[in-house]
Amino acid sequence: MAKLIYSMITSLDGYAEAAEGDLGTGAEDEEVHTFIGDVFRSVGTFLYGRRMYETMVFWETAHTEPDAPPHILQYARDWQAAEKVVYSTTLESASSAKTRIERTFDPDAVRTLKAEADHDLSIDGPNLAAQAIAAGLVDEYHLFMTTSVVGGGKRFFPDGVRLDLELVEERAFDTGLIYARYRTR
């Protein structure tokens, strides 16, 4: 059975989206980006909400950017090779290959997807992830914490959910970004 991984860059105070501005610095570094690529290279399917998909679809054509460094080219190739499922009631069509659109998030369909998958799945975006967390589907949580406190926005973890997690890996980068990987107990 494949794992479902929830991962996002977060502020130090736990926001996956800031109410104003960005989440701060640290993730744009080549070392960090290469690490993220290495961690998620084994993911076979990405589950996205519409807004996250519209951000990530950049990787469909990133390889055509002039002077793109090797770590960007590698991440683009890995992203293009994976399947993508976009949950949206408004998106008319996909802008990338290997992508299908689902109108609603169905926990039972994701359970089946996990059971049948040969490679891990990743769910991205705090709103979509909140549904998977509430359904007990998330196996691992990967947080990439910047050095900024943003004071508000959309939280990485939804309100009203109790999780007891086990820290299985951590790493600090020269930029100040901290990576922490947890699994459910």
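Residues numbered from 1 in each chain as written. Predicted model: local features only at pLDDT ≥ 70, side-chain atom pairs only at ≥ 80, totals over all residues. Heavy atoms only, no water.

Student: Would you mind going over the sheet that holds strand β6 (residues 120-124) with me for this structure?
Tutor: In sheet architecture, strand pairing relies on hydrogen bonds along the backbone and comes in two forms, parallel and antiparallel. Ordered in space as β5-β4-β3-β6-β1-β7-β10-β9, the eight strands form an open sheet in which the pairing is mixed. Two strands in the sheet have a free side with no partner beyond their single neighbour: β5 (99-102) and β9 (165-172). Neighbour-to-neighbour, the strand axes of the sheet open up by a mean angle of 20°, direction not taken into account. Across four bridges, strand β4 (residues 83-87) lies against β5 in parallel orientation. When the bridges of β5 are listed, V86 appears paired with I101. Most of the contacts of helix α4 (residues 107-116) go to strand β3 (residues 43-49), to which it runs at about 165°, and overall it touches β1 (4-10), β3, β4 and β6. Against the sheet, helix α5 (residues 126-134) engages β1, β3, β4, β6 and β7 (140-145), with an angle of about 145° to β1. (Pairing = 2+ DSSP bridges. Helix = DSSP H or I, 4+ residues; strand = E, 2+ residues; numbered from the N terminus. Axes fitted to C-alpha atoms, helices over the stretch in contact; angles between N-to-C directions. Contact = heavy atoms within 4.5 Å.)

Student: I would appreciate a short explanation of helix α1 (residues 30-40) in the present structure.
Tutor: An α-helical turn contains 3.6 residues, so any two residues separated by three or four positions project in the same direction. Every buried residue of α1 is accounted for by V32, H33, F35, I36, G37 and F40. Put simply, D29 is the residue that caps the front of α1, since its side-chain oxygen is 3.0 Å from the backbone nitrogen of E31. (Buried < 20%, exposed > 50% of the residue type's maximum accessible area, 1.4 Å probe, protein only. Polar contact = N/O pair within 3.5 Å; in protein donor to acceptor, adjacent residues only side chain to side chain.)

Student: I'm lost on the nonpolar core in this one. Help?
Tutor: One broad trend across soluble globular proteins is that nonpolar side chains are buried collectively. Ranked by internal contacts, the top residues of the largest apolar core, which has 51 residues, are L4, Y6, L47, W79 and I123. For L4, the contacting residues outside a window of four places in its chain are L47, V110, K114, L121, S122, I123, A132, L137, V138, D139 and E140. (Core = buried A, V, L, I, M, F, W, Y, C linked by side-chain atoms within 4.5 Å.)

Student: Explain the side chain of T146 here, please?
Tutor: Note on placement: T146 falls in the loop between β7 and β8 (153-155). At 3.3 Å, the side chain of T146 and the backbone nitrogen of S148 are in polar contact. Leave out the neighbours within four places in its chain, and T146 touches I9, T10, S11, L12, L23, G24, T25 and L177.

Student: Any chance you could explain the pairing of strand β10 (residues 178-184) here in plain terms?
Tutor: A regular strand carries its side chains on alternate faces of the sheet. Where β7 and β10 come together, six bridges link them in antiparallel fashion. For Y141, the partnering residue across the bridge sits in β10 and is Y182. Note: β9 against β10, seven bridges, orientation antiparallel. Looking at the pairing, E170 lines up with A180 of β10.

Student: Is there a simple way to explain unusual backbone geometry in this structure?
Tutor: In most cases, non-glycine residues show a negative phi, while peptide bonds are predominantly trans. Within the chain, D67 stands out as a residue other than glycine whose phi angle is a positive 60°. For D67, a relative accessible area of 78% corresponds to the exposed category. Notably, K98 is not glycine yet its phi reads approximately 55°, a positive angle. For K98, the location among the structural elements is in the loop between β4 and β5. Residue classification places K98 among the partly exposed residues on the basis of a relative accessible area of 43%.

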